[in-house]
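One-letter residues, chain by chain:
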Amino acid sequence: MWVDQYGDSLFHFALARVKEKEIAEDLVQETFLAAVKAQDRFKGHSSEKTWLFGILKHKVIDHYRKRKSTIHARDLLNDPDNVEAFFNAKGGWQTRPAHWQTNPGKVQETKEFLDLFYRCLSDVPQRSADAFIYREVDGLSTEEICTRLDITANNCWVLLYRARMLLRKCLERIGLGRQQEGNSK
Amino acid sequence: MKHWMFRCNDVSQKVSQSLDASLPFHHRMAVQMHLLMCCYCARFRRQLIMLGKVSRHVDDEPSRDQTAATLSNETKERIKKALRAAP
């Protein structure tokens, strides 16, 4: 039974993200219910555990979206949809990518990084975030994402690019970045 | 846009795209050349790869950590009941 096999791992992950026991329990329950409904769509590309975690990650991001976390990428960025503003007129970085003071390979730092990561991802415009989650969390191909979102491959790459740019910018702004070499090119 | 003269904004797009699809040979070469010369774009690429890894991270810590929070038996039973009642 999934609940006995994966319940604790999923709960542990959810609790670390949302901090409230009751909410974490609800998210785990919603995950299992969604998994039962989508059971036919599980193709066995990944393990059952990875698949369930993928569903939970969608739930966590939805939760953040509904609650609107205190840190908003949209507030941090003047025009969050305008990725071009990240570059100057000559095509150089407006603000150079900073060195990140983290090593997500370490367990504790992974936890902290994941907290920031999910908060920031929940503030990326929904369509871009969906494309990103389908690609990076669920491991779908560009073609599969195109089908799900009913878009062209080019549109898909633009959405993914935008999501990645906004996500890393948000992460940098809320604590990961350390400028070492000055700000702009 | 000349392929052998990619700027950081072009390279950032191509680096992102390269994570999802194979780039044409001449674009791949132009990106590689740029990355050799631009530490910021190289850093950007490393960070995008890290974001992908973090996205796929699956936490299996409860199996290693005895103090980790776990679902109570009551909660597990409640969830099982909800699953049985699901259409």
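Quick caveat: nothing in here was measured; it's all calculated off a predicted structure.

Cut-offs used in this document
- Residues numbered from 1 in each chain as written.
- Chains lettered and ligands numbered in written order.
- Predicted model: local features only at pLDDT ≥ 70, side-chain atom pairs only at ≥ 80, totals over all residues.
- Heavy atoms only, no water.
- pLDDT = per-residue confidence, 0-100.
- Helix = DSSP H or I, 4+ residues; strand = E, 2+ residues; numbered from the N terminus.
- Contact = heavy atoms within 4.5 Å.
- Buried < 20%, exposed > 50% of the residue type's maximum accessible area, 1.4 Å probe, protein only.
- 1 Å grid on protein atoms, 1.4 Å probe; cavity = no way out; pocket = protein on both sides within 12 Å on 5 of 7 lines; lining within 4 Å.
- Points joined across faces, edges and corners; volume = space filled by probe spheres on them.
- Buried area = accessible area lost by both parts, 1.4 Å probe.
- Salt bridge = Lys/Arg side-chain N within 4 Å of Asp/Glu carboxyl O.
- Disulfide = S-S within 2.5 Å.
- Axes fitted to C-alpha atoms, helices over the stretch in contact; angles between N-to-C directions.
- Parallel < 35°, antiparallel > 145°, perpendicular 65-115°, else oblique.
- Left-handed = near helix turned anticlockwise from the far one by under 90°.

**Student:** Is there a simple way to explain the confidence of the model for chain A in this structure?
**Tutor:** All names here are of chain A. Summarising the model, chain A shows a mean pLDDT of 82, and 82% of its residues fall at 70 or more. Here helix α4 (residues 73–76) stands out as the element of chain A with the lowest mean pLDDT, 50, in contrast to helix α2 (residues 21–37), whose mean of 93 is the highest. Within the model, pLDDT remains below 50 along residues 180–185, and this stretch shows 19 contacts once partners closer than five positions in the same chain are excluded.

**Student:** Before we go on, may I ask you to explain the environment of Asp4(A) in this structure?
**Tutor:** Tracing the chain through its elements places Asp4(A) in helix α1 (residues 2–18). Given a relative accessible area of 43%, Asp4(A) falls into the partly exposed group.

**Student:** Would you explain the layout of surface pockets in this entry?
**Tutor:** A probe matching the size of a water molecule, rolled over the atoms, marks out where space remains unfilled. When its volume is computed, the second largest pocket comes out at roughly 350 Å³. Lining the second largest pocket are 14 residues, and of these Glu84(A), Trp157(A), Val158(A), Tyr161(A) and Gln13(B) sit closest to its centre. Of all the elements in the fold, those that place two or more residues in the lining of the second largest pocket are α8 (153–176) of chain A together with α1 (8–18) of chain B. With 5 residues, α8(A) is the single largest residue contributor to the lining of the second largest pocket.

**Student:** How do you make sense of the interface of chain B and chain A when you look at a structure like this?
**Tutor:** Interface size is commonly expressed as the accessible surface area that is lost when the partners come together. Between chain B and chain A, the residue contacts involve 42 residues of the former and 56 residues of the latter. Both sides together, the interface formed by chain B and chain A hides about 4,600 Å², and carbon and sulfur atoms give 63% of it. The interface formed by chain B and chain A contains 6 salt bridges. For Asp20(B), the salt bridge identified is with Arg135(A), shortest N-O distance 2.8 Å.

**Student:** What should I look at first to understand the state of the cysteines in this one?
**Tutor:** Should the sulfur atoms of two cysteines be covalently bonded, the bond is a disulfide. Residue and element names in this part refer to chain A. A complete count under the given rule lists 1 disulfide over all chains for this structure. Each disulfide pairs two cysteine sulfurs, and for cysteine 120 the partner residue is cysteine 170, the sulfurs being separated by 2.1 Å. Its torsion about the S-S bond being -75°, the disulfide of cysteine 120 and cysteine 170 is classed as left-handed. With cysteine 120 in helix α5 (residues 107–122) and cysteine 170 in helix α8, this residue pair connects regions lying 50 residues apart in the sequence. Classification of cysteine 170 by relative accessible area gives buried; the value is 1%.

**Student:** For this particular structure, what's the right way to read the packing of α1(A) against helix α4 (residues 73–85) of chain B?
**Tutor:** To describe two helices that pack against each other, one gives the angle between their axes and the distance between the axes. Contact pair α1(A) / α4(B): the axes reach a minimum separation of 11 Å and the direction vectors enclose 125°. Here α1(A) lies oblique to α4(B), going by the angle between them. Helix-helix and strand crossings are classified by hand; for α1(A) and α4(B) the assignment is right-handed. Contacts between α1(A) and α4(B) involve Val3(A), Asp4(A) and Asp8(A) from the former and Lys76(B), Ile79(B), Lys80(B) and Leu83(B) from the latter.

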